[in-house]
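Each chain, letter by letter, is given below.
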Amino acid sequence: MSKPLKIVVAGPIPRDTISTYENDIIMRYGCVTHPVIALSKLLADEGSVVPVTNIHQKDEAGIAEEFATFTNVSLEGINSKEDRGTVILLDFKDQNNREEKQLACMNPIRPKHIKQHLDADAFVFVPITDFEISLSTLKHIKKHSKGKIIFDAHGATTAMDVKGHRHRKFWVDRDEWLPYIDVLKMNLEESQCMSFAREYEHEIPSIYDENATEHLDDLAEHVLKKGVSYFYVTMDSRGCILYHMQDGKVKKDWIPSVKVDRVVDTTGCGDSFAGGLAYGFAKYNDPVRAGQYANILGARRTQGKGWDVFKTAEETEAIREQHYS
């Protein structure tokens, strides 16, 4: 019998209040919660999922209740001792664009928080702000574990000001992080935060351009040369691009999206996508298949407000075969 899989998902579990673009109000625990529950359903009795996070003490019972029915989720990585968690307000202006406000700062995840879980097959990092994951943590995993490090760039490209407003930022120190990341995932807007000029004249151009893709090939070459093995860029409803090295050259694969009829809520889509990557790599070690699972989980997250949007491995595989065979 093969060894059970173990996947760590590290980042915040914010207490979210979400105003959707259809003016519904959703209150729930987010971020890490999305990929943890998606992976729990996929793995079932084949493995376990460990959320690693720092939370407020008053959220401990609510978060435990959120995971209570998922028996393969281990809560030993949830730490409330410092009483420092995350609170987020999200106000969607349309299906994809939102205003964000952060009312609490989680203590960063450091090597001490992860050291008991170095036997994991994959580590999924889904920070939402740039201070939540310590670089020393990635270095520690690289040195002491064989598990794949999957990193979502959302946190690295997002800052919080002293009023709690959240803003896009350039990932200026990216080259310090890239050698310690195996699989890097980001959306198109975040990729533009990684592709910056030596100097700008007068004004920095807006990064909010869904058609600005001319920078991606050069960025991918840089990312891969710095040590990342697989680089995914999501393109909203269109799908995602996978870059990796093959025979000494950069190979580019297009993985089309899984179409849905109606979008209910896009909160957590990127986190869910990262969870799909972890499943594909941990179980199959196949980058294209991982991208397919990632697209499926991202699409499924849009289909409702509850956790029933995520399906079992058998149901998810049926969706994959229907869309990608």
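Calculation notes
Residues numbered from 1 in each chain as written. Predicted model: local features only at pLDDT ≥ 70, side-chain atom pairs only at ≥ 80, totals over all residues. Heavy atoms only, no water. Helix = DSSP H or I, 4+ residues; strand = E, 2+ residues; numbered from the N terminus. Rg over C-alpha atoms; globule rule 2.2 N^0.38 Å. Buried < 20%, exposed > 50% of the residue type's maximum accessible area, 1.4 Å probe, protein only. Contact = heavy atoms within 4.5 Å. Areas by Shrake-Rupley, 256 points an atom, 1.4 Å probe, with all protein chains shown as cover. Lys, Arg positive; Asp, Glu negative; His and termini not counted. Charge placed at Lys NZ, Arg CZ, Asp CG, Glu CD. Pairing = 2+ DSSP bridges. Phe/Tyr/Trp six-rings, centres within 6.5 Å; stacked < 30°, edge-to-face > 60°. Axes fitted to C-alpha atoms, helices over the stretch in contact; angles between N-to-C directions. Core = buried A, V, L, I, M, F, W, Y, C linked by side-chain atoms within 4.5 Å. Patch = residues over 30% accessible without salt bridge, like charges linked within 9 Å, V, L, I, M, F, W, Y side chains within 5 Å. Salt bridge = Lys/Arg side-chain N within 4 Å of Asp/Glu carboxyl O.

Q: Which parts of the structure should I look at to understand the overall build of the protein?
A: Along the protein, the regular secondary structure elements total 10 helices and 15 strands. Relative to its length of 325 residues, the protein is compact, with a C-alpha radius of gyration of 18 Å against a globular reference of 20 Å. Expressed along its principal axes, the backbone C-alpha trace of the protein runs to roughly 55 × 50 × 45 Å. Sorting the 325 residues of the protein into buried and exposed places 56% on the buried side. The contacts of the protein with a sequence gap of at least 6 include a subset with a gap of at least 24, amounting to 67%. A total of about 14900 Å² of accessible surface is found on the protein, and carbon and sulfur atoms cover 47% of it. The protein carries 41 positive and 49 negative side-chain charges, and their two centres are separated by 4 Å.

Q: How should I be thinking about the pairing of strand β13 (residues 230-234) in this particular structure?
A: Every regular strand shows the same layout, with side chains that alternate between the two sheet faces. By the criterion of burial, β13 is predominantly enclosed, with 5 of the 5 residues buried. Residue alternation in β13 divides its side chains into two sets, Tyr 230, Tyr 232 and Thr 234 and Phe 231 and Val 233, and both sets are buried. As judged from the 5 bridges shared by strand β12 (residues 183-187) and β13, these two strands associate in the parallel manner. Bridge pairing in β13 places Val 183 opposite Tyr 230. Pairing analysis gives 5 bridges linking β13 to strand β14 (residues 239-246), with the strands arranged antiparallel. Looking at the pairing, Tyr 232 lines up with Leu 242 of β14.

Q: Which parts of the structure should I look at to understand the packing of aromatic side chains?
A: Each aromatic ring pair is specified by the distance between its two centres and by the angle formed by the two planes. All chains considered together, the criterion is met by 13 aromatic pairs. The interplanar angle of 65° and the centroid separation of 6.5 Å between the aromatic rings of Trp 171 and Trp 177 together place this pair among those described as edge-to-face. For the pair Trp 171 and Trp 177, a shared accessibility class is recorded, and that class is buried. Centre to centre, the rings of Tyr 230 and Phe 281 are 5.1 Å apart; their planes meet at 45°, and the pair counts as tilted.

Q: Got a minute to help me understand unusual backbone geometry in this structure?
A: Outside of glycine, negative phi angles account for most residues, and trans bonds account for most peptide bonds. Phi at Cys 31 takes a positive value of approximately 50°, unusual for a residue other than glycine. Positionally, Cys 31 belongs in the loop between β3 (25-29) and α1 (33-43). Given a relative accessible area of 4%, Cys 31 falls into the buried group. Despite not being glycine, Asp 247 shows a phi value in the positive range, around 55°. Counting through the fold element by element, Asp 247 comes out in the loop between β14 and β15 (249-256). The exposed category is assigned to Asp 247, whose relative accessible area is 76%.

Q: Quick question: what am I supposed to make of the sheet that holds strand β7 (residues 98-104) here?
A: Paired through their backbone hydrogen bonds, the strands of a sheet run either parallel or antiparallel. Judged by pairing direction, the sheet is mixed, and its 4 strands sit side by side in the order β3-β2-β6-β7 without closing on themselves. Edge strands, defined here as strands with exactly one partner in the open sheet, are β3 and β7. Direction aside, the axes of adjacent strands within the sheet are offset by 15° on average. Relative to β3, strand β2 (residues 15-19) is paired through 5 bridges, and the arrangement is antiparallel. The residue bridging Thr 17 from the neighbouring strand is Met 27, located in β3.

Q: Sorry, what's going on with the nonpolar core here?
A: Side chains that are nonpolar tend, in soluble globular proteins, to be buried together. Core analysis: the largest hydrophobic core is formed by 56 residues, its most contacted members being Ile 7, Val 9, Phe 67, Val 124, Tyr 232 and Leu 277. Considering each element in turn, this core owes the most residues, 7 residues, to helix α8 (residues 269-284). Judged by nonpolar contacts, the second largest core, of 38 residues, contains Met 106, Phe 125, Leu 135 and Val 228.

Q: Would you explain a positive patch on the surface in this entry?
A: Among the surface-exposed residues, Lys 81, Arg 110, Lys 112 and Lys 115 lie close enough to one another that they form a single positively charged patch. Relative to the helices and strands, Arg 110 resides in the loop between β7 and α3 (111-114). Using a relative accessible area of 38% as the deciding quantity, one classes Arg 110 as partly exposed.

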